[in-house]
Amino acid sequence: MSKALKLGVAGLGTVGAGVLNLLRQNAEVIAARAGRPIEVVAVSARDRARDRGVDVTGLAWHEDAVALAADPNVEVVVELIGGSEGPARKLVEAALNAGKPVVTANKALLATHGAALAQLSEAKASPLAYEAAVAGGIPAIKALREGLAGNRISRVAGILNGTCNYILTEMRVKGLPFATVLKTAQELGYAEADPAFDIDGVDAAHKLAILAALAFGHQVDLKALHIEGIRNVSALDIALAGELGYRIKLLGIASQDEAGVTARVHPCMVPEASPIASVDGVFNAVLAEGDAVGRVVLQGRGAGAGPTASAVVADLIDIARGRTAPVWGAASATLATAPGLPMERHRGAYYLRLMVLDQPGVIADVTGALRDAKISLESMLQRGRAPGEAVPVVLVTHECEEAEMQSALARIAALPSVVEPPAVIRIEEL
Ligand code: NDP
Ligand code: HSE
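All values reported here derive from a predicted model rather than from experimental measurement. (Residues numbered from 1 in each chain as written. Chains lettered and ligands numbered in written order. Predicted model: local features only at pLDDT ≥ 70, side-chain atom pairs only at ≥ 80, totals over all residues. Heavy atoms only, no water.)

1. Some points on the overall build of the protein chain
Then step 1. In terms of helices and strands, the protein chain carries 13 helices and 17 strands.
Then step 2. In terms of C-alpha radius of gyration, the protein chain reaches 24 Å, essentially the compact-globule figure of 22 Å for 430 residues.
Then step 3. When its C-alpha atoms are laid out on the principal axes, the protein chain stretches across 80 × 45 × 35 Å.
Then step 4. Residue burial in the protein chain is summarised as follows: out of 430 residues, 55% are buried.
Then step 5. Taking the contacts inside the protein chain whose residues are at least 6 apart along the sequence as the reference set, 75% of them involve residues at least 24 apart. (Helix = DSSP H or I, 4+ residues; strand = E, 2+ residues; numbered from the N terminus. Rg over C-alpha atoms; globule rule 2.2 N^0.38 Å. Buried < 20%, exposed > 50% of the residue type's maximum accessible area, 1.4 Å probe, protein only. Contact = heavy atoms within 4.5 Å.)

2. Concerning the site of ligand 2
Then step 1. Within the structure, ligand 2 sits among Lys107, Asn161, Gly162, Thr163, Tyr190, Ala191, Glu192, Asp198, Asp203, Lys207, Gly302 and Ala303.
Then step 2. Separating a nitrogen atom of ligand 2 from a backbone N or O atom of Tyr190 is a distance of 2.6 Å.
Then step 3. In the model, an oxygen atom of ligand 2 is placed 2.8 Å from a nitrogen or oxygen of the Lys207 side chain.
Then step 4. In isolation ligand 2 has 250 Å² of accessible area, and contact with the protein removes 94% of it.
Then step 5. Where the shell around ligand 2 is concerned, the elements lending two or more residues are α6 (162-174) and α9 (202-216). (Near = heavy atom within 4 Å. Polar contact = N/O pair within 3.5 Å; in protein donor to acceptor, adjacent residues only side chain to side chain. Areas by Shrake-Rupley, 256 points an atom, 1.4 Å probe, with all protein chains shown as cover.)

3. Notes on the site of ligand 1
Then step 1. Near ligand 1 lie 25 residues; those nearest to it are Asp47, Arg50, Arg52, Glu192 and Gly304.
Then step 2. In this structure, an oxygen atom belonging to ligand 1 sits 2.8 Å away from a main-chain N or O atom of Val15.
Then step 3. The separation between an oxygen atom of ligand 1 and a polar main-chain atom of Asp47 is 2.7 Å.
Then step 4. Here ligand 1 loses 87% of its free accessible area of 900 Å² to cover by the protein chains.
Then step 5. More than half of the atoms belonging to ligand 1 lie within 2 Å of the grid points that define the largest pocket.
Then step 6. In terms of residue class, the shell around ligand 1 is built from 10 nonpolar, nine polar and six charged. (1 Å grid on protein atoms, 1.4 Å probe; cavity = no way out; pocket = protein on both sides within 12 Å on 5 of 7 lines; lining within 4 Å. Sits in = over half its atoms within 2 Å of the grid points. Nonpolar A, V, L, I, M, F, W, Y, C, P; charged D, E, K, R; others polar.)

4. Description of the sheet that holds strand β6 (residues 128-129)
Adjacent strands of a sheet form backbone hydrogen bonds with each other and so pair up, either parallel or antiparallel.
Then step 1. Spatially, six strands are ordered β3-β2-β1-β4-β5-β6 in an open sheet, and the strand pairing comes out parallel. A strand with exactly one partner marks an edge of an open sheet, and here the two such strands are β3 (60-61) and β6.
Then step 2. Of the pairings in the sheet, the one linking strand β2 (residues 38-44) to β3 comprises two bridges and is parallel in character. Counterpart to Ala42 in the pairing with β3 is Ala60.
Then step 3. In the packing of helix α1 (residues 14-25) onto the sheet, the strands contacted are β1 (5-10) and β2, and the crossing angle to β2 comes to about 155 degrees. (Pairing = 2+ DSSP bridges. Axes fitted to C-alpha atoms, helices over the stretch in contact; angles between N-to-C directions.)

5. Looking at helix α13 (residues 402-413)
Given 3.6 residues to a turn, an α-helix orients residues that are three or four positions apart in the same direction.
Then step 1. Taking 1.5 Å per residue as the helical rise, α13 with its 12 residues ought to reach 16 Å, and the 16 Å between its terminal C-alpha atoms agrees with that figure.
Then step 2. When we look at burial in α13, the residues that qualify are Glu402, Met405, Ala408, Leu409 and Ile412. Projected down its long axis, α13 shows its buried positions confined to an angular sector of 125 degrees, all on one face. (Expected span 1.5 Å × (residues − 1). Arc of directions from axis to C-beta.)

6. What to know about the packing of helix α5 (residues 140-147) against α9
Then step 1. Viewed as axis vectors pointing N to C, α5 and α9 meet at an angle of 15 degrees, and their least axial separation amounts to 9 Å. By the angle between their directions, the pair α5 and α9 is classed as roughly parallel. The interaxial crossing formed by α5 with α9 has left-handed handedness. Residues Ala140, Ile141, Leu144 and Arg145 of α5 form the contact with α9, whose participating residues are Ile210, Leu211, Leu214 and Ala215.
Then step 2. Residues belonging to the contact of α5 with α9 are distributed by class as follows: seven nonpolar, no polar and one charged. (Parallel < 35°, antiparallel > 145°, perpendicular 65-115°, else oblique. Left-handed = near helix turned anticlockwise from the far one by under 90°.)

7. A closer look at the pairing of strand β12 (residues 294-301)
Then step 1. Here eight bridges tie strand β11 (residues 283-290) to β12, and the two strands are oriented antiparallel to one another. Its bridge partner being in β12, Glu289 is matched across the sheet by Arg295.
Then step 2. Count of turn residues in the β11/β12 antiparallel hairpin: three residues.

8. Thoughts on the packing of α6 against helix α7 (residues 178-187)
Then step 1. At a closest axis distance of 9 Å, the pairing of α6 and α7 adopts a crossing angle of 135 degrees. As judged from the angle between their axes, α6 and α7 are oblique. Crossing geometry of α6 relative to α7 is assigned as right-handed. Contacts between α6 and α7 pair Thr163, Tyr166, Ile167, Glu170 and Met171 from the former with Phe178, Val181, Leu182, Thr184 and Ala185 from the latter.
Then step 2. A per-class count over the contact of α6 with α7 returns seven nonpolar, two polar and one charged.

Structure representation (structure tokens):
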């Protein structure tokens with residue numbers, strides 16, 4: 001067998017330790033598929049004394065991660081530190097500049113600097129692979145960039161954040177509070193170093209920006225996205241969604257038509273019968289619609305050591321075999337910039353949950369605001385009676401435009417009988 005491919009791994013946290021473990025555990029099968037052994041020779045992390053559940057004896061240790069790029073024993077740099085700036089960015093740029101292939105799981109970096117990194121990768125003929133950056137163990141990048149390469153893609157969407165899906169599932173199934181489930185997700189290694197990236201929808205937005213660039217042949221463009229997270233999804237809304245026959249999911253949805261690209265991340269209500277509704281826990285789903293293939297749906301674990309290491313190792317095997325592709329599927333110079341459409345143009349149905357004082361005339365005021373914005377109602381639900389006190393009122397609308405909904409909401413929120421900001425969740429028929 002040929003000589004080993006030598007790796008320098010920066011970051012020995014959930015993913016880094018997972019990669020070292022997987023390379024050892026499946027060394028034989030990996031070597032057979034790669035055509036040569038794949039061996040870690042050097043590593044970097046912050047705390048040398050930390051027990052990571054992985055033996056690093058005999059490996060060169062670099063205090064400065066960027067030094068891995070210049071280490072003559074390192075042929076491929078694996079960046080698993082995270083973050084769009086700082087050591088992760090410096091290391092990736094240094095490695096590409098040094099002509100070394102890079103494998104990373106860093107969606108923040110790709111979504112923020114993907115255009116420049118693709119140009120650098122091309123200029124230096126250094127591959128940049130990032131299968132692990134989107135949807136953990138699901139081979140979503142390979143599927144879009146290679147498997148569906150013959151299609152014009154009109155829509156790409158999915159459950160793209162394992163932490164949020166885990167939180168929403170545990171809240172619904174076990175009735176656990178948000179903060180308790182988030183803590184468990186962190187302990188399980190699902191969450192980002194700063195979990196606000198997960199729960200505020202930013203991590204899903206990074207992934208959607210990457211998928212949209214691949215799907216539509218555009219430069220990656222994070223700024224074009226509308227982003228909302230799950231902080232405001234309450235246990236009450238989860239329960240009411242169930243009564244109405246829906247599940248609440250944080251979805252990323254990007255679509256392209258003649259007018260441009262719409263890309264949005266926000267909580268959605270999906271019908272319980274829809275396949276995506278039963279993708280629970282840390283599982284992700286990625287859906288693509290192509291003109292030749294129709295609809296393709298992939299699902300699997302979206303976070304955690306094993307699934308993410310699986311994707312990193314797949315990239316390493318490709319590099320060992322010399323199978324490389326342009327970062328965004330086509331040469332940078334051929335990529336268009338995406339004309340992003342504003343969220344106000346979105347059309348869809350809406351769930352509104354209001355806390356209103358139980359007194360005469362309230363519903364007339366609310367429905368009057370909807371009528372004036374030309375929004376028609378599909379159904380209405382009021383639970384309980386508590387004269388003079390606040391009760392939840394749920395309204396489900398027919399399809400309308402986001403701009404109309406926002407104008408109606410501004411009026412509804414200002415009504416003296418509406419005692420809390422309205423909860424608004426868009427309904428998606430995925
Ligand atoms: P962790 O926080 O668990 O690990 C980060 C590692 O980076 C730690 O080992 C840390 O060292 C090391 N590190 C931090 N700063 C430096 C530095 N300046 N120099 C060298 N090493 C440094 O993160 P994850 O493993 O969860 O995530 C890594 C990457 O993978 C991120 O980009 C993340 O978005 C991505 N990812 C994560 C997934 C997951 O399920 N966790 C799934 C898919 C992608 P020390 O241990 O000493 O503190
Ligand atoms: N924090 C991310 C998630 C890790 O929960 O999906 C996987 O990218």
